[in-house]
Structure formats: C-alpha cells, structure tokens
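In case you want the letters, here they are:
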Amino acid sequence: MGIEYPLRVLLIGNGGREHAIAWKLSQSPLVESIITVPGNGGTATCPKTTNNTSVSAEDFPGLLELARKNNVNYVVPGPEAPLVAGAVDFFENAGIKSFGPSKKAAQMEGSKTFSKDFMKKHNIPTAEYENFSDYDKAREYLDRVQHDVVIKASGLAAGKGVIIPTSKEEAHQALKDIMQNKEFGSAGDEVVIEEFLTGDELSVLTFSDGYTIKSLPPAQDHKRIGEGDTGLNTGGMGCYAPTNIATPDLVAKIDRDIIQPTIDGMRKDEMPFVGVLFTGLMITSTGPKVLEYNVRFGDPETQTVLPLLSEDTDLAKVMVACSERYLDSVLIKVEPSFSATVVVAAGGYPESYAKGDEMSVQSPPAGINIFHAGTKLVNDKLLTAGGRVIAASATAAESLRAAVDKAYEGVKLIQFSKMYHRRDIAHRAFKPTDDTKEALTYAQAGVSIDAGNQLVERIRAAVRSTARPGADAEIGGFGGEVDLARAGFPSSAPILVGAIDGVGTKLMVAQATGDHSTVGIDLVAMNVNDLVVQGAEPVMFLDYFGCSRLDSAVAASFVEGIAAGCRAAGCALVGGETAEMPGMYRDDDYDAAGAAVGVMRAAARLPRHADMRPGDVLLGLASSGVHSNGFSLVRRILAREALDYGAPAPWETTSTSSTITVGKSLLTPTRIYVRSILRALPRLKGLAHITGGGLTENVPRMLPGHLAADIDVSAWAPPPVFRWLARAGNVAPAEMARTFNNGVGMVAVVAEGDVEGVVGELEGEGERVYRIGRLVERGDGGEGCVLRNLESWR
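Predicted model only: the values in this text are computed from it and were never measured.

Rules behind the numbers
Residues numbered from 1 in each chain as written. Predicted model: local features only at pLDDT ≥ 70, side-chain atom pairs only at ≥ 80, totals over all residues. Heavy atoms only, no water. Helix = DSSP H or I, 4+ residues; strand = E, 2+ residues; numbered from the N terminus. Rg over C-alpha atoms; globule rule 2.2 N^0.38 Å. Buried < 20%, exposed > 50% of the residue type's maximum accessible area, 1.4 Å probe, protein only. Contact = heavy atoms within 4.5 Å. Lys, Arg positive; Asp, Glu negative; His and termini not counted. Charge placed at Lys NZ, Arg CZ, Asp CG, Glu CD. Pairing = 2+ DSSP bridges. Patch = residues over 30% accessible without salt bridge, like charges linked within 9 Å, V, L, I, M, F, W, Y side chains within 5 Å. Areas by Shrake-Rupley, 256 points an atom, 1.4 Å probe, with all protein chains shown as cover. Salt bridge = Lys/Arg side-chain N within 4 Å of Asp/Glu carboxyl O.

Peer 1: Got a minute to help me understand the overall build of the chain in this structure?
Peer 2: Scanning the chain from N- to C-terminus turns up 23 helices and 35 strands. Taken over the C-alpha trace, the chain has a radius of gyration of 31 Å; the compact-globule value for 794 residues is 28 Å, and the two agree within 12%. Each of the three principal axes of the chain carries a C-alpha extent, and together these read 105 × 60 × 50 Å. Taking all 794 residues of the chain together, the buried fraction comes to 54%. Looking at the chain alone, contacts between residues at least 24 apart form 75% of all its contacts between residues at least 6 apart. Averaging the locations of the 78 positively and 98 negatively charged side chains of the chain gives two centres separated by 1 Å.

Peer 1: I keep staring at the environment of A174 and nothing clicks. Help me out?
Peer 2: In this fold, A174 is placed in helix 8 (residues 168–179). Exposure remark for A174: the relative accessible area of 4% places this residue in the buried category. When the C-alpha atoms of A174 and W716 are compared, they prove to be 24 Å apart, with 542 residues separating the residues in sequence. With near-sequence residues (within four places) excluded, A174 lies in contact with I151 and I163.

Peer 1: Sorry, what's going on with the pairing of strand 4 (residues 74–77) here?
Peer 2: Successive residues of a regular strand alternate their side chains across the two faces of the sheet. Of the two faces of strand 4, the one holding Y74 and V76 and the one holding V75 and P77 are both buried throughout. Pairing of strand 1 (residues 7–13) with strand 4 involves 4 bridges; the strand directions are parallel. Opposite L10, over in strand 4, you have V75 as the bridge partner.

Peer 1: What am I meant to see in the sheet that holds strand 20 (residues 368–372) here?
Peer 2: The strands that make up a sheet are held in pairs by hydrogen bonds between backbone atoms, and each pair lies either parallel or antiparallel. In space, the 5 strands of this open sheet follow the order 12-15-18-23-20, with antiparallel pairing throughout. The sheet is open, and its two edges are formed by strand 12 (220–221) and strand 20, each paired on a single side.

Peer 1: Help me understand a negative patch on the surface in this model?
Peer 2: On the surface, D134, D136, E140 and D143 cluster together to form a negatively charged patch. Along the chain, D136 falls in helix 7 (residues 135–144). Classification of D136 by relative accessible area gives partly exposed; the value is 48%.

Peer 1: Please clarify how unusual backbone geometry should be interpreted in this entry.
Peer 2: Backbone phi values are negative for most residues with the exception of glycine, while trans is the configuration of most peptide bonds. The linkage connecting V37 with the following residue, P38, adopts the cis geometry, with an omega of -5°. Within the secondary structure, P38 is located in strand 2 (residues 31–38). The omega torsion of the bond from L606 to P607 falls at 0°, within 30 degrees of zero and hence cis. Take P607: it is sitting in the loop between strand 29 (590–600) and strand 30 (617–622). Even without being glycine, N730 reaches a positive phi, approximately 50°.

Here it is as structure tokens:
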C-alpha cells in the first residue's frame, strides 16, 4: 500500500540537520504534523512541529508505540546511528514507510571496510587502501608503505574516527590508540589504512530511489576548529555552496562516473539505496575520488543546500518519491543563488565545553535562517546543550560574498557565554584565482638561476688557471676533488673531495622565529649531500658564523645544530670561525657558511658516465620538506598571503591538539642522505642532490652529454607544502620544478637489474624511494632533463 497524504512525520534526531529538515518539511502542504525525537530548541518552535522526549531515539519499540499513538505514517531518521541499526527495516516491517536506506544498504556508512571493498568491486575511484583486524599486520603495513596515510576506524565513531598522521610515529600511535587502547570502542576493531589524497574536498547530497539520482549543488565544509583550516577535526564549523571548483563538467563527471555507478552497484548487490546519499570527494590532479559515503543528510551541508531549493520544490514530495520509487517524475529546482552557513560552538569544543548556559536568539530577517543543534528549551528558557550549538545560514542571489556576509550578520543575532565561531568560512573560494593572481617566479623573488649559471661560465677560465697535479680545477659539479696520489703523495692515498655551501635566506626564518636549532643541521646537510653524490664519505666539517653583535645563546644553538648534523653524517666538526663585525649586518642578523671534506677511492667515484645506458632507472629519494633552497620565493609568497611565521601552517594536518606553525614547518631541517647512500653506493651509477635549480638544473649535472633523464613527475605526490606554495603563489609547474625539490631531495641512476636490491637497501636505512623515470638518448640540442605530466602538480 502506498503512502497516503497528509503526512504525519516522525523525525528522529536533535541536530542542526534535523532542524533544517523540519523547517523545509513544515513548508509542504502535504505535511500535517512533525514529531521530533528528541528535537532541540529550534524544532520546538518550528511550525507544525513538536518535540517529544518521552522516548529515546534508540528505542525502536518505544518509537513505534509513539508513532502509532499519534497516527504517524512516515518516519525520517536523521542521524546515521538509527539507519545503521535498521530503523527503516523496523518501521516498514511494522507497516510504516520511512525515508532512508535499509540496514544492509546503510553498511556503506556503518563499515568503512565494507564501503572500500564495494568501491574496489565496482571500480569507483578512491584512494588505495588495505583493511586490517590484526594489529601486528597493520603495523607491518604502516612500516612498508611509502605514501602518506589516513587511518580510519571502520565502524561508527561519531565522525571522529579518522586520523591523518604527519609522520610514521604519529601513524603508529594512532593505530595503537584505535586498535589497542580502544579510543573509539568497538568501532576500532577493524581499521582502514588508505592513501592520503591531496586536493579540494567536495560534499554532494544525492536523492535516490534506487535507480534515479538527483544531486544537489556540491558544497564545501570546514572540518577543522581553527581558522585557516587548522586544529582539531570537528563535525563541521561551516559550509558554503555552490563551490567555484564545481564546474558543470565536473558535476556531470561526478554524477556519471561515481554516483550513478554507486547506486547501480548497490542495486546489483541486492541492497538498493533509497534516501539521500552523502558522497565525500577529493578533487585530485587525476580527477574526483571518493573519500567516504554517508547514508543520510550531512551536517552542516543540509543547513546550506536545503535553503537553495525553490519554494515550489516540496521536500516531502521528493522524499516520498524516493520511498515509492518514482523520483524521476518529481521536480527538484535549485535557485541560482549562493548559500553559506556559520556554525557557532561552545567555548572549548571539540574538547571539553560547558552545557546549560542560557542563550538568546533574535528573529532573523528574510534570507537568514537560524538552525539550532545543541540547544534545548527548559521552562521557556533556551539553553546550550552541545558542542556545536547553533548555526546561521543565509542565501544571496548576487554573490557568495553577499551570502557569507549575511550569514555573519545572522551570527550577531546569537548570544551566549564563550560562544565561538570561525571568521573565515568560504575562505578557499575567495583566494585569488589563476586568472587574477600574479604568477610568482624565483627571479621575481630576487634570485636568478640563469645569472648564476652565467657567472659559472664567466669565471670558468679563471678557475682552470689554478689547476695543479691531482686537481683539474673544473667547476659546475657538486664538489671539487684532489687526487692525492696524482698530486705526489703515496699511491695508496685517497681522493679528497671538498664542498662549500650556506643555508641561504632560510636563516631569515630562523631569525624571525628565534629558533636557531635546525639551520645548523641544514648547513651540514647542504655540504655533505654534495660530497656523497660524488661517492665520497664525509670525514670533517668546518663552519663560519658572521654577525654584527655576537649573541652567545644564538651562536651556541646554531653550532649545536651543526654538531647534530655532523653526527648524522658521520663526520667530525674540526673547527670554525666566528666573526663579530659591528655594522656589517643589521641588528641581530647573522650569516653562515660551511665546508665539508670527504675521502673516496677512485673505484667509488661518481658519476660513472661510461656505465650509464638508456633504460637505466631513476630513483627519487623523498625530501623532508623545502630543505634549504627556494626560500626567497617562499618568503615572497608568505608576504603576499599576509601569513605570519607564528600562524598555523595551512598545509599541515595533524591529529593532535598542538598546531604546527608556518615557521616550525619551514624550519624542518634538510634531510641528510649520507648513511643510506654509502650503503647502496657500489650499485649506483650516478647521483644528483636536488638543491637550487630543482630537478631541471641538477639532474643533468650527473649525466653524460648523450643521455637525458626522462622523469614522470606524477610518480610521486609532492608534499602538501609544495602544493600550497604553487597554489598560493600561482607558481607554474615548470617554475616549481626549477626552484624547489618538490618532494625529491636526491636522484639516483641504477641499472634495471639492481633496482630491487638498491631500493631495499635504501628503505632499510629509512628512506622513502620512488621510481621516477629512466635515462634516454638525448638528441642534438636536447634538454638534459625532460619532465612529463607537470600538469599533475596543478
């Protein structure tokens, strides 16, 4: 028997989502009444709506008794818990139709393992992953994988069971917290460990009757508590729609390649989906990929997109059409407007926060809606009752900016103690686009790689004039050599290799933040990495520290960093020079340089040009970040973005409450590759240290003239800091490749047959290794380094 009008609705839930659903349903002439269990302070005053707290939202028999007593003929479960527990099956078995998926279909949210396996089976684009119920096997997998990961408790964890670690150590701790310490209870009995995807996130709400799909405008929410998308994850601090990245072509692709195949696959698997499907997506450089499915309206997406439905779009009619399998015959009209939602939370959320504070909410003007979540009415007084307390939503026809401004006007209508809201909702939409933002280059930042190359050519003759037996005085390599045997010393004497370098304007970051503990490591790394690429083992290091006014604490911290770098490289700090020169530098500024000396035997000398062949494999060793090159451009981008070194780093993600600042992130020291390279040295044909000039300029320095490097830059994912720099600075991919290491700090040439062994040795020393390309024949006048798929970096 079909559903008969008018509808008497039982709405289960008490959040902002349920208030928005009640608000829209109450406008329908097909709806006679709505009972919300338990409801909140907003549903209590919504037209046609009454709250009922006499029965628990989890007590299905009690809800059925309430429904029969009030002649309810339609049930709408709002949150995921009742859907996963089988609310729809329960009420339909009792003869009352419901809006939502069956218990079997609700597994798409109830079990991340189930949904990931479903995506694999039906070729739905998603991140690479593995499922684990065995803690030890999960640990082994974490140790084995080389990409960044996301760790998810498979079961329902109130939206908090997803952890994005920033290091192997954090990943292992998260795994232990979930599987052994049971931080999320039984939800963590099984985990999904998946590849960390980078890009822009979108949320799509789609009505479905099991066959037809009708999607609402894609929205973008703000999960993190802090401005600039920093701090702990929350249930959502705001949202806006439509988004500027959701072009008509992209929306069509999402419906065609992801959502319709999902609905079709569920039907083929004998669990047809009825209700509204929430699809969380990451728009990657290779297209949209699914992050997760939810089997109900999202929160705060619902408060954002429902107000975009036209007045003549009847939500009750749409819901019934889904339940009765005739969605294709119902009109869903979306107004050509913009919508934004700002969530107001209790102070301290998402950690400990107060409840029961009295609050006031003024009546909003047209175009603004106040949707309650964690509120309740007690003796006609409105009190706070949750972490995310209430939200202001607004629509505007003229622009997203107008909608956002109206939403913040709505926030001013809300008052309670220690209320908190983010002030940057929709900030990603307001960043300058490629069409409006000046594209920055290294040269614009004051550094010319071409000028440096021209200087080398100009002084080459003068340098050659200093040649002596054992030293040919050639420049342009990574370091200089003296063959002591050829210089008149005993034939058993080794070859000495020297390198000299500085830290560059990364020192300005250290000086601005007052943290001098890591730049000494950088100084050592820049030199010893240049030695080891020639096959030499560093044995000693000397430093120079120049300033106008000596601050012993600063100098000591700097030298302690040098000592740490020397220990990591296995060389001795044998001396240095500290020069105090009043007036030479400004205030407390200082400069530094270092020189490293290594030894090698002729058989170990790199590069081995005569052994290189077309088809030899190029391996990339992961960097630890920006290292020590490109900081003039980094500082230029930060200045234009008005981003202070003490501000939270917008590219960092962390599962802890501590925030990584811009300065701390950028001061991550340059990786020292000495120990790992020396272990694999006998099977290496050449090495390039990726410093100033990036891949473009450094890789050819190890190659003979007849060979070129053919590199596929999509073979690895650049760390988030490089993605952010490219986007914020509108830096072209080719310019990124010529300025930064982009996640690869060292490149090695290896014979095909030696790849497995070399990778094993390098990984055994803790390196993350990528197979990034091959050597090819270089045509006359051809480039020494050809970078393919640069557009994947956009």
